Structure formats: structure tokens, C-alpha cells
Amino acid sequence: MPPARKRVRTFDPARTRAAVLAQYALVREGIARLTPDQLQAPTRLGDRTVRELTAHLSVAVGSVVRGLELPEPARRELALMDYPAVASARAAEADEDAQATAADTTDELFARAADRLPEVLATVTDERLIPTRLGAMRLADFLVTRVVELVVRTDDLNDATDLGVPFDRQAQAITTRFLADALAVKAPGGAVEVRVPPFAVIQCGAGPQHTRGTPPNVVETDPLTWTRLATGRTDWATEVAAGRITASGDRANLTPTLPVLP
């Protein structure tokens, strides 16, 4: 008998829409408080400044509005859980878009994207196909990726400034679950159980399949640490040393499979 296929997680479209709007409102309020000096400050993202980071956020969210204004594609080209691998392979393109957009003023960028987003979303269904730079996707799936983008870039912004922009709980839950599922796709198997309470538990990694009782290989961390690990903002050794990861078992080291998304 062939092995049972793992259930593919689905994300509630209504909660995803609400999370996009909620996290965008939070980060927009924070960006409105940035000073000119803060906009020129460096970030942990190589040579990118805070201004370029906010431009990246504008590109990420504005792509929803722009995509829905274009003709609907004839067919879907990209499924949700294919997104991390494709996005990783083409990460440089997003950086180029953000650098080009950063020449404009940050407030104007956010105003243009934010002002129209709620009304545009209200006119379309979750199954509507939307063109993206990686291929045509279901709107509901693309909005999941926008939630992840917003949460990750909000954390980047907080790291570079003293804004302390909060995270919408639903946005953080979606991000945690999506990145956990991306790890399971990248490293299929059941040798390691990864726990990110209170939002996600997945099994991954080649080796003996765990079916019941206490797993022999367990990794546990918090949602924000997991988000940083999964997107390459930090590394395994640093977080273990800081006590933000607990790991038990010979296979409980995720270093070879991280990050899962740029």
C-alpha cells in the first residue's frame, strides 16, 4: 500500500483578507512616523536602507491592486506551496523592483497602495486568478504570500528602527503556518517534529517515520524566531545559543533546510 499523502493545509480566505488589511494598516502607521534620518538608516538586509525596505512593502502590497486591474489570466500557473521555491530562485527581481520604486516618496507609495486595496478586494472573489511576477495564482493564495511579506518586512523595519510596529495575531498565525508548511514541502518526511506554539506543528525530514507517542526528534521555538529562521534573518546556532530554540534528538537540527523563503 502506498504511503498516505499528507493533508495540504488550507487558509481561510476571509481571515487572510482581514490579516492583509490589518497588518498593512499597522505598518503604514509606523512608517508615517519615520524621520528623514531613519529613512536613510541601514537595515539587516545587506546594503538596503529603510527607505528601500518601505518601498519593498509598497511593491508587495501594491502588486495586488495592479494585478487585479489587469485582465484575468486564462489558467493558474503557480500553486501556493510552490511559491517559496520559485520566489527563492527569483529573489533578485523583487529587490530590483524595490530599488526602482524607492526613488519615489514613501508616504505617497503607501497612500496609493493602501487607499485602493480595500475597495479593490471587495469587488473580486477568492478564486479570481491574478497575474504575479512569478506566475498566475488564485487571489486567495496570493494574499497569503502578501501576509507573509508584510509580517517579515514589519520585523525587518522594527529591527532597523525603534518603531515597534505590532503584529496582527491572525497575520502572524498565517505566516507561521505557511513557513512551517514550506519546510515540510522542502524537506518531506516524518523524522522530525517542528513545533511553533500556538500556531503550527509539522513533521519533516527523511528518516524513520514518527507515528505515535513522544517523537524522538523535536524542535520547538516561538513564532517570531521561526519566521526569522525560515527567511534567513537569523541562523540556527545563534538562536540555539540564545535559548530561543529547544531541540532534542540526533536529527533535530534544521540548518541544512533553512531558509525556506528569502
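For the structure, check the block above.
Residues numbered from 1 in each chain as written. Predicted model: local features only at pLDDT ≥ 70, side-chain atom pairs only at ≥ 80, totals over all residues. Heavy atoms only, no water.

Here we take up helix H8 (residues 169-186). End to end, H8 covers 26 Å across 18 residues, agreeing with the expected 26 Å (1.5 Å per residue, within 8%). Burial analysis of H8 places 13 of its 18 residues in the buried class, which makes it a mostly covered element. The N-capping residue of H8, defined by a side-chain oxygen 3.2 Å from the backbone nitrogen of glutamine 170, is aspartate 168. (Helix = DSSP H or I, 4+ residues; strand = E, 2+ residues; numbered from the N terminus. Expected span 1.5 Å × (residues − 1). Buried < 20%, exposed > 50% of the residue type's maximum accessible area, 1.4 Å probe, protein only. Polar contact = N/O pair within 3.5 Å; in protein donor to acceptor, adjacent residues only side chain to side chain.)

Right, let's get into the nonpolar core. Counting residues in each nonpolar core, the largest one holds 67 residues, and the members touching the most others are Leu157, Phe178, Val194, Trp226 and Leu254. Per-element tally for this core: the top contributor is helix H7 (residues 139-160), with 10 residues. Those residues within four positions of tryptophan 226 in sequence are excluded, and the remaining contacts are Thr176, Leu179, Ala180, Leu183, Val196, Thr221, Leu254 and Leu258. (Core = buried A, V, L, I, M, F, W, Y, C linked by side-chain atoms within 4.5 Å. Contact = heavy atoms within 4.5 Å.)

Turning our eyes to something else, we now look at the pairing of strand E4 (residues 200-204). Taken residue by residue, a regular strand's side chains alternate between the two faces of the sheet. Of all five residues in E4, four are buried; the element is thus mostly enclosed. Adjacent in sequence and paired antiparallel, strand E3 (residues 192-196) and E4 are bridged by three residues. (Pairing = 2+ DSSP bridges.)

A separate point is H7. Taking 1.5 Å of rise per residue, 22 residues should cover 32 Å, and H7 covers 31 Å from first to last C-alpha, within 8% of that figure. Most of H7 sits out of view: 20 of its 22 residues are buried.

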